[in-house]
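Letter by letter, the chains look like this.
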Amino acid sequence: ARLAKAPRATLTHMPPLLATAGDDGVALWDGGAVARRRFSPHAAQVSALRWTANDRVLASSSHDGSVVLSERDGSLFDTLRPQARGPDGPAPVLSVTWSPASRYLASGSADALVRIFDLQKREHALTLRGHRAGVCALSWSPSEVHVASASTAGDVIVHRVQGSVAAVCRADTAPPGAVGDHAVRGLHWSPLHPTKLATGSEDGVVSLWETAAPLRGGSHAAGAAGLPRAVQLHKFEAHSAACCGVAWSAVNHHLLVSAAADGSIVFYDTTRLAVVRTLCSDQSFTSLAFAPDGLH
């Protein structure tokens, strides 16, 4: 199986809402001090939230093994579940992300699998393998040809999902023989550099990766599982605790931002390979995202 290329349809955008998840479910905010809507789409802890490109549908993943699609008013749009389940029921879903045109949804689970859902056909379209631990971060390439996935073991795999479906390269953020938690919590494909990835790891390191040679059929040194290795261009060590998220600016091709459990948000110039600004808080961060306009 493979994915059909989604047409570049014109999307009608809605005024953006900020979605957050906590012990009391999902809350939607429009800039005020009070949530405009609260709802509980899952029977267990919510692990990730992602809006479609036009901000009309919110995807939420959960440890109950489901991905729920909700309307802006909190009403149920659809529930996605994998075709196959393990003997103990569905595996917890740890991450979720939409393709740029919002036709496809990728989810990563504790069973080390990546599942792709086709929302136009309302079906589970693909299952991607290759990780040895739970998949805790995902990102689509701007062209929708590739999906990058990262695991709690510290490995990143780039999968081709159009044409001939295959894993095409990998990056290992943990050093050989390392023990302990090396989860990659932050993963983002640059929207303006289609072969560059950014990762944020449990050790607080933010790395830049070049995937050009493997994606274009070139030869890189083989990594684990015989896959070509992505090239680590640079690593930043500005955080003193686990990095929980990385995000490229959609309007400034130099700018990358990361947030961490040490309460810091760090801004990087990825051309000069320099930290340009740091914001500090007395609260730990668990995620971050740019506003759709790329300015906030």
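Residues numbered from 1 in each chain as written. Predicted model: local features only at pLDDT ≥ 70, side-chain atom pairs only at ≥ 80, totals over all residues. Heavy atoms only, no water.

Novice: Whenever I open this one, the packing of aromatic side chains confuses me. Can you help?
Specialist: Two aromatic rings, taken as a pair, are described by how far apart their centres are and by the angle between their planes. With the rule as written, the count across this model stands at two aromatic pairs. Aromatic pair tyrosine 104 and tryptophan 140: ring centres 6.2 Å apart, planes at 25°, arrangement stacked. Separated by 36 residues along the polypeptide, tyrosine 104 in strand β9 (residues 104-109) and tryptophan 140 in strand β12 (residues 135-140) bring together distant segments of the chain. With 4.4 Å between their ring centres and 35° between their planes, phenylalanine 236 and tyrosine 268 make a pair best called tilted. Taken together, the residues span a long stretch of sequence, with phenylalanine 236 in strand β19 (residues 231-236) and tyrosine 268 in strand β22 (residues 264-269) at a distance of 32 residues. With relative accessibility at 4%, the residue phenylalanine 236 sits in the buried group. Residue classification places tyrosine 268 among the buried positions, given a relative accessible area of 1%. (Phe/Tyr/Trp six-rings, centres within 6.5 Å; stacked < 30°, edge-to-face > 60°. Helix = DSSP H or I, 4+ residues; strand = E, 2+ residues; numbered from the N terminus. Buried < 20%, exposed > 50% of the residue type's maximum accessible area, 1.4 Å probe, protein only.)

Novice: I keep staring at the pairing of strand β15 (residues 166-172) and nothing clicks. Help me out?
Specialist: Looking down a regular strand, the side chains alternate between one sheet face and the other. In terms of strand pairing, strand β14 (residues 155-160) meets β15 through six bridges, oriented antiparallel. Considered in β15, the bridge of histidine 159 is made with alanine 167. (Pairing = 2+ DSSP bridges.)

Novice: Teacher, can you tell me more about the confidence of the model for the chain here?
Specialist: Of the residues in the chain, 88% reach a pLDDT of 70 or more, and the chain-wide mean stands at 88. The low-confidence segment residues 218-224, where pLDDT is below 50, has 19 contacts with residues more than four positions distant or belonging to other chains. (pLDDT = per-residue confidence, 0-100. Contact = heavy atoms within 4.5 Å.)

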